[in-house]
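Structural overview for review
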Amino acid sequence: MWSFHNPVRLSFGTGCFEGIGEALTGRSYALVTYPDPYFGELAERVAALNGAPCLFIDNVIPNPDFAELAGLCDRLGALSRPPEVLLALGGGSVIDTAKVLAASNGDFDLVRRHLVKGESSIASGILPIIAVPTTAGTGSEVTCWATVWDASTGVKYSLARDELYPELAIVDPLLMCCMPRSLTTSTALDALSHALESIWNVNANPISTNYAVTAAREILSYLPNLLDDLTDLELRTRIAKAALMAGLAFSNTKTALAHSLSYPITLRHGVPHGLACSFSLPMVLRGVLGADAECDAALQSIFGLDLEAGAENLSAFLRTIGAPACGTDLGIAQDEIRALLIDAFAGVRGRNFIGSRERVVAAQENLYHSVSTTVTA
Ligand SMILES: NC(=O)c1ccc[n+]([C@@H]2O[C@H](COP(=O)([O-])OP(=O)(O)OC[C@H]3O[C@@H](n4cnc5c(N)ncnc54)[C@H](O)[C@@H]3O)[C@@H](O)[C@H]2O)c1
Ligand SMILES: [Fe+2]
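Summary of the structure given here. (Residues numbered from 1 in each chain as written. Chains lettered and ligands numbered in written order. Predicted model: local features only at pLDDT ≥ 70, side-chain atom pairs only at ≥ 80, totals over all residues. Heavy atoms only, no water.)

**Observations concerning the sheet that holds strand β4 (residues 85–90)**
- A sheet is described by the order of its strands in space; here 6 strands give the open sequence β1-β8-β5-β4-β2-β3, paired in parallel fashion. Edge positions in the sheet fall to β1 (9–12) and β3 (55–57), since each of these pairs with one other strand and no more. Strand after strand, the sheet turns through a mean of 15° between neighbouring axes, direction not considered.
- Relative to β4, strand β2 (residues 29–32) runs parallel, the two sharing 4 bridges. (Pairing = 2+ DSSP bridges. Helix = DSSP H or I, 4+ residues; strand = E, 2+ residues; numbered from the N terminus. Axes fitted to C-alpha atoms, helices over the stretch in contact; angles between N-to-C directions.)

**Quick notes on the coordination of the iron ion (ligand 2)**
- Coordination sphere of the iron ion (ligand 2), protein contribution only: Asp190 (OD), His194 (NE2), His259 (NE2) and His273 (NE2), at 2.1 to 2.2 Å.
- Classification of the site at the iron ion (ligand 2) as irregular follows from its 4 donor atoms and the range of 82 to 164° in their angles at the metal.
- Taken in sequence order, the residues that donate to the iron ion (ligand 2) follow the motif D-x3-H-x64-H-x13-H. One end of the pair, histidine 194, is in helix α6 (residues 181–199); the other, histidine 273, is in helix α10 (residues 273–278), with 79 residues separating them in the sequence. (Donors = N, O, S within 2.8 Å, 3.2 Å for Na, K, Ca; no water. Tetrahedral: all angles 85-135°; square planar, octahedral: opposite > 155°, others 65-115°.)

**As for the packing of aromatic side chains**
- Summed over all chains, the structure comprises 9 aromatic pairs.
- Taking the centre distance of 6.3 Å and the plane angle of 90° together, the rings of tryptophan 200 and phenylalanine 353 count as edge-to-face. One end of the pair, tryptophan 200, is in the loop between α6 and α7 (206–228); the other, phenylalanine 353, is in the loop between α14 (334–346) and α15 (357–376), and 153 residues separate them in sequence. With respect to class, tryptophan 200 is no different from phenylalanine 353; both count as buried.
- One residue, lysine 156, lies across the ring of tyrosine 263, its end atom 4.0 Å from the ring centre.
- Note that arginine 349 overlies the ring of tryptophan 145, its terminal NZ or CZ placed 6.0 Å from the centroid. (Phe/Tyr/Trp six-rings, centres within 6.5 Å; stacked < 30°, edge-to-face > 60°. Buried < 20%, exposed > 50% of the residue type's maximum accessible area, 1.4 Å probe, protein only. Lys NZ or Arg CZ within 6 Å of the ring centre and 35° of its normal.)

**A look at the site of ligand 1**
- Lining the immediate surroundings of ligand 1 are 28 residues, of which Tyr34, Asn63, Gly92, Ser93 and Thr135 lie closest.
- Threonine 134 places a polar side-chain atom, nitrogen or oxygen, 2.8 Å from a nitrogen atom of ligand 1.
- Here an oxygen atom of ligand 1 and a side-chain polar atom of threonine 143 are 2.9 Å apart.
- When isolated, ligand 1 has an accessible area of 870 Å², and the protein chains bury 88% of it.
- Listed by contribution, the elements that provide at least two residues to the shell around ligand 1 are α4 (92–104), β6 (145–150) and α6.
- Each residue belonging to the shell around ligand 1 can be placed in one class, and the counts come to 12 nonpolar, 13 polar and 3 charged. (Near = heavy atom within 4 Å. Polar contact = N/O pair within 3.5 Å; in protein donor to acceptor, adjacent residues only side chain to side chain. Areas by Shrake-Rupley, 256 points an atom, 1.4 Å probe, with all protein chains shown as cover. Nonpolar A, V, L, I, M, F, W, Y, C, P; charged D, E, K, R; others polar.)

**Notes on the pairing of strand β7 (residues 155–160)**
- Here β6 pairs with β7 via 6 bridges, running antiparallel. When the bridges of β7 are listed, tryptophan 149 appears paired with lysine 156.
- What sits between the antiparallel neighbours β6 and β7 is a turn of 4 residues, in which glycine 154 has the positive phi angle 70°.

**A look at the environment of alanine 246**
- Residue position: alanine 246 is located in helix α8 (residues 233–253).
- On the basis of relative accessibility, which here comes to 0%, the residue alanine 246 falls in the buried class.
- For the pair formed by alanine 246 and histidine 269, sequence separation is 23 residues and the distance between their alpha carbons is 26 Å.
- Setting aside residues no more than four positions away along its own chain, alanine 246 makes contact with Ala191, His194, Ala195 and Ala215. (Contact = heavy atoms within 4.5 Å.)

**Topic: unusual backbone geometry**
- Despite not being glycine, asparagine 63 has its phi angle at roughly 60°, a positive value.
- Within the secondary structure, asparagine 63 is located in the loop between β3 and α3 (66–77).
- Positive phi values are uncommon outside glycine, yet asparagine 105 reaches one of about 55°.
- Tracing the chain through its elements places asparagine 105 in the loop between α4 and α5 (108–117).

**Let's talk about the pairing of β6**
- Taken across its 6 residues, β6 has 6 buried, putting it largely inside the fold.
- Alternating residues of β6 divide into Trp145, Thr147 and Trp149 and Ala146, Val148 and Asp150, and every residue in both groups is buried.

**Observations regarding the packing of α6 against α7**
- Running from amino to carboxyl end, α6 crosses α7 at an angle of 155°, the nearest separation of the two axes being 8 Å. Between α6 and α7, the angle is such that the two are roughly antiparallel. Our pair here, α6 against α7, has a crossing hand that is left-handed. Along the contact surface, α6 presents Arg181, Thr184, Thr185, Ala188, Leu189, Ala191, Leu192, Ala195, Leu196, Ser198 and Ile199, while α7 presents Ser208, Thr209, Ala212, Val213, Ala215, Ala216, Ile219, Leu220, Leu223, Leu226 and Leu227.
- In terms of residue class, the contact of α6 with α7 is built from 16 nonpolar, 5 polar and 1 charged. (Parallel < 35°, antiparallel > 145°, perpendicular 65-115°, else oblique. Left-handed = near helix turned anticlockwise from the far one by under 90°.)

**With respect to the nonpolar core**
- Counting residues in hydrophobic clusters, the biggest one holds 77 residues, and the most contacted among them are Leu192, Leu196, Trp200 and Leu299.
- Among the elements that line this core, the one with the most residues is α8, at 10 residues.
- Those residues in contact with leucine 196 that sit more than four places away from it in its chain are Ala216, Leu281, Leu299, Ile302, Phe303 and Leu314.
- Listed in part, the 53 residues of the second largest apolar core include Phe17, Ile57, Ile129 and Ala131. (Core = buried A, V, L, I, M, F, W, Y, C linked by side-chain atoms within 4.5 Å.)

**Quick notes on the environment of aspartate 329**
- Tracing the backbone shows aspartate 329 in the loop between α13 (307–320) and α14.
- For aspartate 329 and arginine 236, which are 93 residues apart along the polypeptide, the C-alpha to C-alpha distance reads 27 Å.
- Among all residues touching aspartate 329, those that are not within four sequence positions of it are Arg319 and Pro324.
- At 2.8 Å, the side chain of aspartate 329 and the backbone nitrogen of alanine 325 are in polar contact.

Structure below.
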């Protein structure tokens, strides 16, 4: 038995951002975005179509953290009348910040107590969100959770509520055309990680796997071409659609071992989220071979019949586009990766993984062995 559910209304295609006025339908809104001038210009376009926002938060930084979120929630709480809708204009950090604002009702302490102490402190009446992703990676525009970081304690939290599904996601590849190469790479690899993690997952179902297979095939086939020409709108559109499909897939399954392993790597070593997830994909793939016939079949439709060779090809793919394919590529010692891996299996997301701990650990040790043999030779 399985079920699939995603309530987010989607608008996709080049130029669909211009429909934002219609989406806001004259409602008062708070606009959440980054400080860069490009996003200021986009905010002006929204204001020209719908009037000025009642709150303009334009200082979101990557990986929303407790310290900064508290101040942003205070600004929402200080309004005499709350906005009718939150407009998130940016990548995962912006959309997740909007989700925290929506859940906070202007008081971050409610969210903090919920995340840290498990209190049911979040009130009903969560503000609706319109998400306009400007990166093609996180899928946050179609999920009901936000990643919240607390760098001071080195802990990553997940804020999850059904009401946090955006009411609408406007996915316009034109907004992604100015992403630099490094951001294009790391965000697309985040999407590839979502796709694969939803396949080797206890919660996988035929619909999520179908989205995931399409997404992974597209990213593997077209990301190198996009990296050769970052201005190619057709390729941007393909990767945006793949990231969205990967988002739909893992919106129903959540992520698994590679994500569980990624969080301390981002917190301790500052590795961008997408790369912190994708460096371990070849190793995790080796650890899931033969665990489940349907999973194997889905992976074979991405990587070919020989999945050992598929894992090798995935490593080669990552290195060809300049991404790390093992802990050594990130400069992280084997002992640290091994210890993190053991913790990752025990984490909430790690427990979604259907493969074998022994096989993943063995694959990790072989990787280090082969790298050090190559270096010695
Ligand atoms: N909620 C979820 O379902 C979910 C899933 C995966 C990841 N995440 C979280 O999302 C965050 C990562 O989000 P992200 O990868 O989208 O990046 P991001 O939002 O952290 O942004 C990274 C940088 O990219 C720049 N940027 C964004 N769009 C741009 C564009 N079109 N052109 C030029 N520069 C642009 C921003 O200014 C910023 O400096 C992490 O905190 C991660 O944990 C959330
Ligand atoms: Fe992710």
